[in-house]
Amino acid sequence: MGREVSESCVDSLLTEMVSSYCDRFYANKPELAARRIEAIGFQVGHQLSERYTMERPRFSDNLEAIKFICKDFWSELFKKQIDNLKTNHKGTFVLQDNRFRWLARMSIDPSSEDGDLSQDNSAPVTENKAAQATSMHLYFPCGIIRGALSNLGIPCAVSADISSLPACSFVVRIKA
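Thresholds applied
- Residues numbered from 1 in each chain as written.
- Predicted model: local features only at pLDDT ≥ 70, side-chain atom pairs only at ≥ 80, totals over all residues.
- Heavy atoms only, no water.
- UniProt positions renumbered as here; feature names shortened; annotations may be inferred.
- Core = buried A, V, L, I, M, F, W, Y, C linked by side-chain atoms within 4.5 Å.
- Buried < 20%, exposed > 50% of the residue type's maximum accessible area, 1.4 Å probe, protein only.
- Helix = DSSP H or I, 4+ residues; strand = E, 2+ residues; numbered from the N terminus.
- Contact = heavy atoms within 4.5 Å.
- pLDDT = per-residue confidence, 0-100.
- Expected span 1.5 Å × (residues − 1).
- Bend = angle between axes of the 7 residues up to and from the residue.

As annotated in an unreviewed UniProt entry, the chain carries the name Trafficking protein particle complex subunit 6B and is attributed to Carya illinoinensis. Comment text from UniProt for the chain, heading Sequence similarities (unreviewed entry), reads "Belongs to the TRAPP small subunits family. BET3 subfamily."

Spelled out as structure tokens, the structure:
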């Protein structure tokens, strides 16, 4: 029998973790905060992958493992599959989630979008801070994906790209 955690608890935990690492522990070193958040995600992904693949045979190739992440693993985490998977067949995969749950409640302050940029110099700063805060929240799922793939024997680098909230793309580059 599987154990589940309330989605609001996970949202709150992620928000508090990002806030703690960015505002308290590494307030003046955002790159260290990002690295630590990603490392926590790596551990979570590694352990979840171990749990979800316990009864499965090993994957025969990288594409099969990535498909597992997109279908089964993502469904366990977010109750839906990845919306789109693209590859260049050279070790790069793009996983597209058109409504990424952990970004669904995020937005950029509307006052920064309505202002005339020629008169208000604080608008780009506000937008930049909002974009930075949003990107900090993506280090954790990037770590989860990297940890899960590492557990499956696939060393990789994972980055995230936001085109428009709450859509998000995760780029997986497999290391040779």
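Let us keep going from here.
Draft legend 1. Structural detail: the nonpolar core. Ile69, Leu95, Phe100, Phe140, Leu149, Phe170 and Val172 are the most contacted members of the largest nonpolar core, which has 41 residues in total. Put simply, the parts of the chain that give this core at least two residues each are α1 (7–25), α2 (30–52), α3 (62–78), β2 (92–97), α5 (122–151), β3 (156–161) and β4 (168–174). Ignoring any residue separated from it by four or fewer positions in sequence, one finds Leu95 in contact with Ile66, Ile69, Cys70, Ile82, Asn84, Leu85, Cys168, Ser169, Phe170 and Val172.

Draft legend 2. Quick look at the side chain of Ser169. Summarising the element assignment, Ser169 is placed in strand β4. Taking the relative accessible area as the measure of exposure, Ser169 reaches 11% and is therefore buried. In contact with Ser169, not counting residues within four places along its chain, are Val94, Leu95, Gln96, Ser159, Ala160 and Asp161.

Draft legend 3. A look at the confidence of the model for the chain. The share of residues in the chain with pLDDT of 70 or more is 84%, and the mean pLDDT across the chain is 82. Here residues 110–123 is a poorly scored stretch, pLDDT under 50, and it has five contacts once near neighbours within four places are set aside; other chains count.

Draft legend 4. Expanded view of α3. For α3, built from 17 residues, the straight-helix expectation of 24 Å at 1.5 Å per residue is met to within 8% by its first-to-last C-alpha distance of 22 Å. The largest bend in α3 is about 35 degrees, located at Ile69. Taken as a whole, α3 has its buried residues at Ala65, Ile66, Phe68, Ile69, Cys70, Phe73, Trp74 and Phe78. Phi for Lys79, located one or two positions after α3, is positive at around 60 degrees.

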